[in-house]
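# Chain and residue survey
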Amino acid sequence: YLGFNMGSDFDSQIVVKINAVDLVRAETTLGRWSGDSIAMGTNTDPYQAAEGKYRLTKGIIEVLVERNNPFSILTKSPLVLRDLDLIGEASRRAAVRVDFSIPTLDEEIWRRTEPGTAHPRKRMDAVARFNQAGVKSSVMMAPLIPGISDRPEQIAAVRNAAKEAGAETCHQVRLHLRGVRGHFLEWLSNDSPELRPKYERLYPERRPRSKVTRRNSDNSQLALEL
C-alpha cells in the first residue's frame, strides 16, 4: 500500500503510527465500542524493534486495561516480556492471551529463514514465562516451509518444547505465497535451488482474474470476476 517492494524496503523501512494510542482511546469509549476482543499481531508484529523506542503497543494495552477489554497478541519477539506485569493485570480483568510464532527450533534453519528475529529458544522461554504468570500462551508454527522446516522430527521438536513450556496449543500453519510468490522463489533460488521445481508445482502462478458479463432477467448487465 505504500509502494514498498517485497524485499529490501520492508527490511529497511518502517512506518510508525505515533497517534495509535490516542486513536484506540477514542475508538473504545463507552457507547462507541462494544467491547469485542482486539487481536494484535495478525498483520504486523506489535513488538518490532521500534516498539522499544515508541512504546505504542504498551500504551494500547494500558488503554485496554482501563477499559477491561479482552485482547490477544501474536508476536515473534520476547520484548513483550517487558509488559508482562501489565498484561498479567489485563488477564485478571478480561480474556487475554499472548501467543508466539515459533516455526522451528533448528538454529541453522532459523538463521536462514528468520533473519533479524529473536532466537526461537528465547521465544519458547517467553511462552513459559507467560504461562507461569497465569497468562494463556500458545505456539503457532508459522510458516512450515516444505522441504526445509516441515520434517516430522522438526515439528516434533517444537511440539515437545511447547508442551514443556505449558503451551495450551501448538498450531501448524503451512507456508502460503499469496502476493509474495516471485520474491520467495528468488530467495529459494539462492538458498535451496534444488527445491524450486517442487515449489513451482506446489505453488503454481495464479492467472489474472477475467471478467464475464451476464444479463439479468431485467436485461441489466452483471459483471462477475472469475
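Whatever comes next refers back to the structure up there.
What comes next is a walk through the structure. (Residues numbered from 1 in each chain as written. Predicted model: local features only at pLDDT ≥ 70, side-chain atom pairs only at ≥ 80, totals over all residues. Heavy atoms only, no water.)

## Regarding the overall build of the protein
Summing up its helical and strand segments, the protein has 10 helices and 7 strands in all. With respect to the principal axes defined by its C-alpha atoms, the protein has extents near 55 × 55 × 35 Å. Within the protein, contacts between residues at least 6 apart in sequence are counted, and of these 68% link residues at least 24 apart. Of the roughly 14100 Å² that the protein leaves accessible, carbon and sulfur atoms contribute 50%. Separation of charge centres in the protein, based on 34 positive and 29 negative side chains, amounts to 4 Å. (Helix = DSSP H or I, 4+ residues; strand = E, 2+ residues; numbered from the N terminus. Contact = heavy atoms within 4.5 Å. Areas by Shrake-Rupley, 256 points an atom, 1.4 Å probe, with all protein chains shown as cover. Lys, Arg positive; Asp, Glu negative; His and termini not counted. Charge placed at Lys NZ, Arg CZ, Asp CG, Glu CD.)

## Focus: the layout of surface pockets
Taken as a whole, the second largest pocket holds about 230 Å³ of empty space. Lining of the second largest pocket is provided by His176, Leu177, Arg178, Gly179, Val180, Arg181, Gly182, Tyr203, Pro204, Glu205 and Arg206. (1 Å grid on protein atoms, 1.4 Å probe; cavity = no way out; pocket = protein on both sides within 12 Å on 5 of 7 lines; lining within 4 Å. Points joined across faces, edges and corners; volume = space filled by probe spheres on them.)

## What about helix 4 (residues 56–67)?
The end-to-end C-alpha separation of helix 4 is 17 Å, in line with the 16 Å expected for 12 residues at 1.5 Å each. Every buried residue of helix 4 is listed here: Leu56, Thr57, Gly59, Ile60, Ile61, Val63, Leu64 and Val65. The secondary structure elements touched by the buried residues of helix 4 are helix 2 (20–27), strand 1 (38–40), helix 3 (51–54), strand 2 (71–75) and helix 5 (84–91). Phi for Asn68, located one or two positions after helix 4, is positive at around 55 degrees. (Expected span 1.5 Å × (residues − 1). Buried < 20%, exposed > 50% of the residue type's maximum accessible area, 1.4 Å probe, protein only.)

## So, the packing of helix 2 against helix 4
Contact geometry of helix 2 with helix 4 gives a least axis separation of 8 Å together with a crossing angle of 20 degrees. Classified by the angle their axes make, helix 2 and helix 4 are roughly parallel. In the crossing of helix 2 with helix 4, the sense of the turn from one axis to the other is right-handed. On the side of helix 2, the interface is formed by Ala20, Val21, Val24 and Arg25, while helix 4 contributes Leu56, Gly59, Ile60, Val63, Leu64, Glu66 and Arg67. Of the residues in the contact of helix 2 with helix 4, the class split is 7 nonpolar, 1 polar and 3 charged. (Axes fitted to C-alpha atoms, helices over the stretch in contact; angles between N-to-C directions. Parallel < 35°, antiparallel > 145°, perpendicular 65-115°, else oblique. Left-handed = near helix turned anticlockwise from the far one by under 90°. Nonpolar A, V, L, I, M, F, W, Y, C, P; charged D, E, K, R; others polar.)

## Quick word on the pairing of strand 3 (residues 96–101)
Among the 6 residues of strand 3, 5 are classified as buried, and the element is accordingly described as predominantly covered. Note: strand 2 against strand 3, 5 bridges, orientation parallel. Across the sheet, Ser72 pairs through a bridge with Arg97, a residue of strand 3. With helix 5 bridging strand 2 and its parallel neighbour strand 3, the resulting β-α-β unit is right-handed. Here strand 3 pairs with strand 4 (residues 139–144) via 2 bridges, running parallel. (Pairing = 2+ DSSP bridges. Right-handed = clockwise from strand over helix to strand, strands pointing away.)

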